[in-house]
Structure formats: C-alpha cells, structure tokens
Amino acid sequence: QQRQYASESSLKTVTTDGQRIYLYINSGLLSSVDSETGVDSDGIGLYRTEILFMLKQCFPGEIEQLEIYRKVLKAAGDKPVVMRTLDVGGDKPLDYFPIIEDNPFLGWRGIRLSLDHPELFLIQLRAMLQAAIDTEQLHILLPMVSNLEEIDLSLIYLEQACQELTAELGKSISMPKVGIMLEVPVLLYQLDEVAQRVDFVSVGSNDLTQYLLAVDRNNPSVSPLFDSFHPGVLRALKFAVESCNQHQLPISVCGELAGEPIGAILLIAMGYEQLSMNQASLARINYLLRRVSKQELSVLLAQALRLNSGDDVKKLVTEYCEQRG
Ligand code: PEP
Ligand code: MG
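A quick note: this is a predicted structure, and the numbers were derived from the prediction, not measured.

Draft legend 1. The site of ligand 1, seen in detail. Neighbouring residues of ligand 1: R48, D87, E183, G204, S205, N206, D207, C254 and G255. By residue number, the principal contributor to the shell around ligand 1 is helix α9 (residues 205–213), which donates three residues. Residues that form the shell around ligand 1 fall into these classes: one nonpolar, four polar and four charged.

Following this line, the structure appears as structure tokens:
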C-alpha cells in the first residue's frame, strides 16, 4: 500500500470537492530535513529546535545555531519553514541545564524558560534571523504560551534582535512572521486578542489534549485516557479553527493527530486547511484526503461531535473510511 500512496505523493492535496489542503513536515534533526524535504510537502510546518539543544553538551552559540538553521532553510528550498523557539522542560530535559520540579508538565517549559533567560532567547532569535537573511521563508513559533504578556514580551525581544542586527550588519532586518503554539487551553478563550498580535497559530494537539484532559501524555498508567478523539477535545479543536477563521488568522495543526488518518479527516471536516506531520505519514494522508469530500465530511463531523466517547468517534470514522474503500 505504501507504493500506492507514494504514486500520488507528487500530486497536490485537493479534496474531491476542490478544497486545497496544505501538508507540511515536522522535523528536528538536520539529517532528516535533508531527506524529508525531497518529498513533496508544502514546507516544514514545525522545526523543533530543542532537538539540536538536546544533542549538545552545552548551549549552542549564535554562530553554531545560525549555521544549522541556514542549512535547514536551504534544505527546504524556497518553501516556508516554521522554526519553533526552544521548547525544553516538561518531557524534554537538557543534561547541562537540569530542572528539578514536582510537576514538570506544569512547570518551567517552553517560552517561560526563554523569557526568564533573555540572553539565551536573543541568541536564538538572532541566529534564526541571520540564517533567513535574503529569504522570505522564516516563520517563528513560540511554544507553551499561556498569556498575552508572554506574546508581547517575545515580540519586544524579537524587535530588539531585528534592530541590533540592522545596526550591526548595515542592512535592514525586518520582522519575520510570528505565531504561537495553541497548547494551553486557556488561550482558546483569548484568540481575539491573540489575532491582534501574531500572524498565525499552530495547534499542538499533543499538549492541548494533555492539558484539556489532565492526562500526562507519557504516563502508561493513564494512556487509555489520553484520547484526542474525546468529543470534548474535538469541540475545542473546532472552536479554535472557527475563532481563527473569524479573524482571518491562519491556523494549522502540528500535533500527532494531524498525521493520523482519522484525525486528519476530522480536522479537515472542522475547517483546518494546514496540517503538519511526520514525514512517514505524509504520502498516506495526501492519498486519503484526495479521496474525501469536505462537504460529506461535515455531515460526519456533526455526527461525531454528538457521540459520547472517543472510541465511538473512532468507530464511526473507521466505518466511513471502510465504506469508501
Ligand atoms: C504538541 O504539543 O502537539 C507539539 C506539536 O509539540 P511537542 O510534541 O513538541 O510538545
Ligand atoms: Mg507541545
């Protein structure tokens, strides 16, 4: 079947009723970027910079980061690259920067850490901006945002980095597109204000599911409860895309859900038009979405949202897929 999927991988993702869907790759390792970008994706939808930091013995400096980011952008050709600022803490430790906490998932992670260490944050922003000089590809993504002040402060640091580089290089360095990860549920209710501040939103459905359900995404004892198809989680995802659409704020999904057939079907039904996933899922999701009608899916979604459990949702969508071969 892989061969069947691959036979269409160079074709654009368009539903049978003409809805263009954009499929991007999640990446973190440079070596994987090299091979992945040969595949016909619409770009890199999530470049997890923390992987680079996790592989080192100490914080990588500005030049070292710059060189790696430049290679990533180059490997993507002229396609967009969404670079996420350092997202350590929680389940992603740095040996050389130990964080001891009772509740790491509710602790010092993502943007919280960057904003408490602006010297590290600025080095990373400066490296990204310099790597992207003379390209239009760079999109900067802020992880684990939980309030508006974090966005405003991040933008101030980013402006500072642009001004510094403009002065140092004698060349105007302008602000790139900036977005936030939607993974802390409270921001669902502040998307109006978010839309006034950033250029795009990317839903981290792994963390959003974890925080909506209060279920540790890595704890095997509660893994049956980690259910991205929980009708309440699906309603939250639908609410997010509808709110963003009201503001013409581009929104994508970069959590694992986007690369799962049932997940991708439901997300397209809700109105998402951009999905970012592991490279291994790309050809299959493309093949699948080229065979569904968005209009038909909206009926399926309405049924799914009225069900009582994630298992019922999975059953319904699986039956739908089987009926259509
Ligand atoms: C997510 O939370 O869904 C996400 C994409 O980020 P990560 O898995 O890296 O936390
Ligand atoms: Mg996350």
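Draft legend 2. Structural detail: the nonpolar core. Core analysis: the largest hydrophobic core is formed by 82 residues, its most contacted members being M128, L266, L267 and L275. No other element matches the eight residues that helix α11 (residues 261–270) contributes to this core. If we ignore the near neighbours within four places in the chain, the residues touching L267 are L237, V253, L257, A258, Y272 and L275.

Draft legend 3. Focus on the confidence of the model for the chain. Scored by pLDDT, the chain comes out at a mean of 95, with 98% of its residues at no less than 70. The complex prediction reports pTM at 0.97, with the ipTM value standing at 0.99.

Draft legend 4. Highlighting the pairing of strand β5 (residues 177–182). Here strand β4 (residues 138–142) pairs with β5 via four bridges, running parallel. Within β5, the residue paired with L141 across the bridge is G179.

Draft legend 5. Looking closely at helix α14 (residues 310–323). When the terminal C-alpha atoms of α14 are compared, their 20 Å separation across 14 residues agrees well with the 20 Å that a helix rising 1.5 Å per residue should span. Where α14 is concerned, the buried positions are G310, V313 and V317. Relative to the axis of α14, the buried residues are bounded by an arc of 60° and lie together on one face. In α14, the exposed residues that point more than 90 degrees away from the buried face are E319, E322 and Q323. Looking at the packing, one finds that the buried side of α14 touches α10 (231–246), α11 and α13 (294–305).

Draft legend 6. Representation of helix α12 (residues 279–289) within the structure. Among the 11 residues of α12, eight are classified as buried, and the element is accordingly described as predominantly covered. Of all the residues in α12, the buried ones are S281, L282, A283, R284, I285, N286, Y287 and L289. Here the buried face of α12 lies against α1 (2–6), β1 (22–27), α11 and β8 (274–277).

Draft legend 7. Spatial organisation of the packing of α10 against α11. With their axes 9 Å apart at the nearest point, α10 and α11 run at an angle of 40° to one another. One way to sum up the angle between α10 and α11 is to call them oblique. Where α10 crosses over α11, the handedness of that crossing is right-handed. Of the residues in α11, those in contact with L234, L237, K238 and V241 of α10 are L266, L267 and M270.

Draft legend 8. How the structure looks around unusual backbone geometry. With a phi angle near 70°, D134 is a residue other than glycine that sits in the positive phi range. Within the secondary structure, D134 is located in the loop between α6 (118–131) and β4. Unusually for a residue other than glycine, M144 sits at a positive phi of about 60°. Here M144 lies in the loop between β4 and α7 (148–169).

Criteria and cut-off values
- Residues numbered from 1 in each chain as written.
- Chains lettered and ligands numbered in written order.
- Predicted model: local features only at pLDDT ≥ 70, side-chain atom pairs only at ≥ 80, totals over all residues.
- Near = placed C-beta within 6 Å.
- Helix = DSSP H or I, 4+ residues; strand = E, 2+ residues; numbered from the N terminus.
- Nonpolar A, V, L, I, M, F, W, Y, C, P; charged D, E, K, R; others polar.
- Core = buried A, V, L, I, M, F, W, Y, C linked by C-beta atoms within 7 Å.
- Buried ≥ 20, exposed ≤ 12 C-beta atoms within 10 Å, placed from the backbone.
- Contact = placed C-beta atoms within 7 Å.
- pLDDT = per-residue confidence, 0-100.
- Pairing = 2+ DSSP bridges.
- Expected span 1.5 Å × (residues − 1).
- Arc of directions from axis to C-beta.
- Axes fitted to C-alpha atoms, helices over the stretch in contact; angles between N-to-C directions.
- Parallel < 35°, antiparallel > 145°, perpendicular 65-115°, else oblique.
- Left-handed = near helix turned anticlockwise from the far one by under 90°.

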